[in-house]
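Spelled out from the first residue to the last, the chains are:
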Amino acid sequence: MSAADPRSTRAVRGATARTALALGVAALLCFALSGGGRVVGSDEVTMLELSRALLHGSVAVPEGATLEGPDGRFYTKNAAGQAVLALPVVALAEAGAGALRLDPLRRELAVRCGASFFNALVTALLLALLYAGARALGAGAGAALASAALLGFTTPVWIYAKSFMAEPLQALGLLLALLGASLVPAASPERRRWLAAGAGLGVLLAISVKLAMLPLALACLLPMLGAPWRAWLAPALGLVLALAGHAAYDLARFGTWFETGYGAQASTAAFTTPALVGLYGLLLSSGKGVAWFAPALWLAPRGGRVAVRRGAHALGGAAHSRARWSELTPAGRAAWGTLASWLTGLALYCRFQHWAGDGSFGPRYLVPLLPAGFLLVAFALHRASRRLRRSAVLLGLVGLLVTVGGVGIYFGAEMREVGDYPYTRPLDDP
């Protein structure tokens, strides 16, 4: 039976789906067991309060890390995407806390505990998608599984799976957009519609959760260049729906479509950090450098070269360093899309005044880009030498050691202890 036989293709896809499901379930159990059961960060609390308000048809939240609207009520500056998607989990948490007939304080803690597992679900889905996506792009099963495990348990992704912050949903949206865009050009017309819809869903998800994801989501669509124009309809619809959702939400809060709640942070006045300072901080600094918080990412450049070299040839065939864009396989297109998204993200955040991501663990603003990077790690591990596999194990162990530090405790307590947040020095202090 040839590799091109439809029965063989269905068997491979079935095996991939079963492995992805098993990986997702295992990851969910791990994230749930290691979860802190708490929602205490200012952004987390206001996001949860927004979701609870939406259950009663309102977008106003209790005063806290909020802004006062023209009607005298208070609103979170955060986008509504995560609050909307978390509604089923929050509703179940509210119902469970009510059924237990707890006193008000314990009921509040019980609701927060239940809602805190939302990101465990999202991150488990993210790892399953990464595995399935890497396999669809041509990576081997072992390499794809190793890459997903490295992403989930040796990077800050694990820490944010314990939170109620928006980074896991942003990461899921960007990965979905990148995978759909990479696979569309080479797909059959029937599959192309579904893949384009997936890319559109990713764009809708990422931008709805955070408006700043707009340039990153567009960068993830780079692999679709050259695809039939009809394939662009779904991503375009996702973009329009996301922007319409933001406009309606802003109108409900502030009476105008053009006020996001971020004030000066949404203007050029917030981009005052020297570019080299921000780049060093995000990539190499001991406090926030992604090189130390996700060390397995060091393998991504090699994986990108492997993916592009195989762009005009089947896996295992002759390796040429260059291939024309039209000749690139989905893997090669994904490599260029990953590079575009990372360059866009670094350019966006390196000059931001809060480039460190406020009170957060590791390079918070780069967390949504990690899954794309680990797609390339899968190709670095595909048919890798024993020496390279040993290097990957070592990098994974280092990453696990760093990550366990953030998983084993509530990292916010440590940050307050050392004075990192709330800040004890001006943001421009070197």
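Predicted, not measured: the structure shown is a model, and the values here were computed from it. (Residues numbered from 1 in each chain as written. Predicted model: local features only at pLDDT ≥ 70, side-chain atom pairs only at ≥ 80, totals over all residues. Heavy atoms only, no water.)

A. Broad picture of the overall build of the protein chain. On a plain count of helices and strands, the protein chain comes out with 19 helices and two strands. By the compact-globule yardstick of 22 Å for 430 residues, the protein chain fits well, its C-alpha radius of gyration being 22 Å. Taken over the C-alpha atoms alone, the protein chain extends approximately 65 × 50 × 45 Å along its principal axes. Considering only intrachain contacts with a sequence separation of at least 6, the fraction spanning at least 24 residues in the protein chain is 76%. For the protein chain, the accessible surface area stands at approximately 19900 Å², while carbon and sulfur atoms represent 66% of it. (Helix = DSSP H or I, 4+ residues; strand = E, 2+ residues; numbered from the N terminus. Rg over C-alpha atoms; globule rule 2.2 N^0.38 Å. Contact = heavy atoms within 4.5 Å. Areas by Shrake-Rupley, 256 points an atom, 1.4 Å probe, with all protein chains shown as cover.)

B. Broad picture of unusual backbone geometry. We note that Arg101 has phi near 55°; this positive angle belongs to a residue other than glycine. With respect to the helices and strands, the residue Arg101 is situated in the loop between helix H4 (87-99) and helix H5 (104-115). Assessed through its relative accessible area of 78%, Arg101 is described here as exposed. In this structure, Arg383 is a non-glycine residue whose phi angle is positive, near 55°. Here Arg383 shows up in the loop between helix H17 (370-381) and helix H18 (386-408). Taking relative accessible area as the criterion, Arg383 reaches 61% and is therefore assigned exposed. (Buried < 20%, exposed > 50% of the residue type's maximum accessible area, 1.4 Å probe, protein only.)

C. A look at the packing of aromatic side chains. With the rule as written, the count across this model stands at nine aromatic pairs. Taken together, the ring pairs connect Phe271, Tyr349, Phe352 and Tyr365 into an aromatic cluster. (Phe/Tyr/Trp six-rings, centres within 6.5 Å; stacked < 30°, edge-to-face > 60°.)

D. Fine view of the pattern of salt bridges. All chains considered together, the criterion is met by ten salt bridges. Arg52 is paired through a salt bridge with Glu49; the nearest N and O atoms lie 3.6 Å apart. Of this pair, Arg52 and Glu49 both sit in helix H2 (residues 42-54), three residues apart, which is roughly one turn of the helix. For Arg52, a relative accessible area of 14% puts it in the buried group. Here Glu49 falls in the buried class, since its relative accessible area comes to 16%. (Salt bridge = Lys/Arg side-chain N within 4 Å of Asp/Glu carboxyl O.)

E. Layout of the confidence of the model for the protein chain. Summary statistics for the protein chain give a mean pLDDT of 89 and a share of 90% for residues scoring 70 or more. Confidence drops under a pLDDT of 50 for residues 312-321, and excluding neighbours within four residues, the segment shows 15 contacts in the predicted structure. (pLDDT = per-residue confidence, 0-100.)

F. Looking closely at H4. Spanning 13 residues, H4 covers 18 Å between terminal C-alpha atoms, matching the ideal 18 Å at 1.5 Å per step. Every buried residue of H4 is listed here: Val89, Val90, Ala93, Glu94 and Ala97. Down the axis of H4, the buried side of the element spans an arc of 135°, and every buried residue falls inside it. Residues of H4 that are exposed and point over 90 degrees away from its buried face: Pro88, Leu92 and Ala99. Trailing H4 by a residue or two, Arg101 shows a phi angle of about 55°, which is positive. (Expected span 1.5 Å × (residues − 1). Arc of directions from axis to C-beta.)

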